[in-house]
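Structural features, examined
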Amino acid sequence: SGGKNVFIRQNSIGANTSNYASYTYLVVDTWTNGGDTQLTRSLLDFNLSSIPSGVTISKAILVLYADTTDVVYGGETKADNGHSTLSGPNNWLLERITSAWTESAVTWNTQPTIDTSINVPASVSRSQTYEIDVTNFIKDEIANPTLYYGFMLKLSNESPYRSLIFCSSRHQYSTLSPALKITYMK
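Below is a short write-up of the structure. (Residues numbered from 1 in each chain as written. Predicted model: local features only at pLDDT ≥ 70, side-chain atom pairs only at ≥ 80, totals over all residues. Heavy atoms only, no water.)

Focus: the sheet that holds strand β9 (residues 130-133)
Convention followed: In short, DSSP must find at least two bridges between two strands for them to pair. Secondary structure elements follow DSSP: runs of H or I of four or more residues count as helices, runs of E of two or more count as strands, with numbering from the N terminus. For helices, the axis comes from a line fit to the C-alpha atoms of the stretch in contact; other axes are also lines fit to C-alpha atoms, and the angle between any two N-to-C directions lies between 0 and 180 degrees.
Across the sheet, which stays open at both edges, the three strands sit in the order β9-β4-β12 with antiparallel pairing between neighbours. With partners counted over all chains shown, the strands left at the sheet margins are β9 and β12 (179-185), one partner each. Taken pair by pair, the neighbouring strands of this sheet meet at an average axis angle of 20°, ignoring direction. Here strand β4 (residues 56-64) runs beside β9; their pairing, made up of four bridges, is antiparallel.

So this is what it looks like as C-alpha cells:
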C-alpha cells in the first residue's frame with residue numbers, strides 16, 4: 001500500500017504533457033493512433049517503509065498481472081486486451097528509476113531518469129503474468145532511498161506494433177494490482 005503507478009505517453013497530438021494516473025491499467029507499447037505513432041511506458045514505485053531497518057533482504061519478486069478485461073484504449077473499446085506481439089516480440093526492459101517523480105504530475109516530458117535495467121522476455125500469451133526477480137534493485141532502494149525511486153517499464157524495441165498491458169493498482173480486481181513480494185531475515 002502507499003505505492004504509485006502510472007503510464008506516460010509520447011505522440012504528436014499532445015500526449016507528451018498529459019498525465020494518465022487515473023487509468024486502471026498500465027501500458028508498455030508502441031502503437032499508432034489515427035496514423036500517429038505513440039510510445040507508452042509505465043512507472044511503478046512501492047512504499048518500502050514497513051520493512052524494518054537492519055534486515056537482510058533475501059528475495060524480492062515483482063508480480064505484474066496482464067489486464068485482459070475490456071477497456072477503452074486509444075478511443076476504442078478493446079475486447080482483446082492483453083499483451084500483443086502483432087509485429088514482433090514484445091520483450092521489454094525493467095529499468096531502475098534514479099530521480100523523484102509524482103504519480104499525479106509525471107508526463108512523458110517530465111519522465112524520471114533511469115540507470116540499470118533487467119531484460120525481460122517477450123510474452124508467450126496475451127494473459128501472461130510476469131514474476132521478475134528484483135532483489136538487487138530493492139536492496140539498493142532500501143539502502144539508498146534518496147537515490148532510487150522504483151521502476152520504469154519500456155519495450156526493448158519501440159517500433160509498432162507490440163504491447164504489454166498490465167493491471168494497475170486502480171484495477172477493478174484489487175487482487176491483480178502490481179505486487180512486490182519481499183522475503184527478509186532479521
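Points about the pattern of salt bridges
Selection rule: Within this document, salt bridges are pairs made up of a side-chain nitrogen of Lys or Arg and a carboxyl oxygen of Asp or Glu, the two lying within 4 Å of each other. Buried residues are those whose accessible area, probed at 1.4 Å on protein chains only, stays under 20% of the maximum for their type, while exposed residues exceed 50% and partly exposed ones sit between those limits.
In total, this model carries six salt bridges according to the counting rule given. For Lys-59, the salt bridge identified is with Asp-133, shortest N-O distance 3.1 Å. Here Lys-59, found in strand β4, pairs with Asp-133, found in strand β9; they are 74 residues apart in sequence, far enough to count as distant. Across the pair Glu-95 and Lys-154 runs a salt bridge, and its minimum N-O distance is 4.0 Å. Of this pair, Glu-95 sits in strand β7 (residues 92-97) while Lys-154 sits in strand β10 (residues 151-155); the two residues are 59 residues apart in sequence, bridging distant segments of the chain. The same class applies to Glu-95 as to Lys-154, namely buried.

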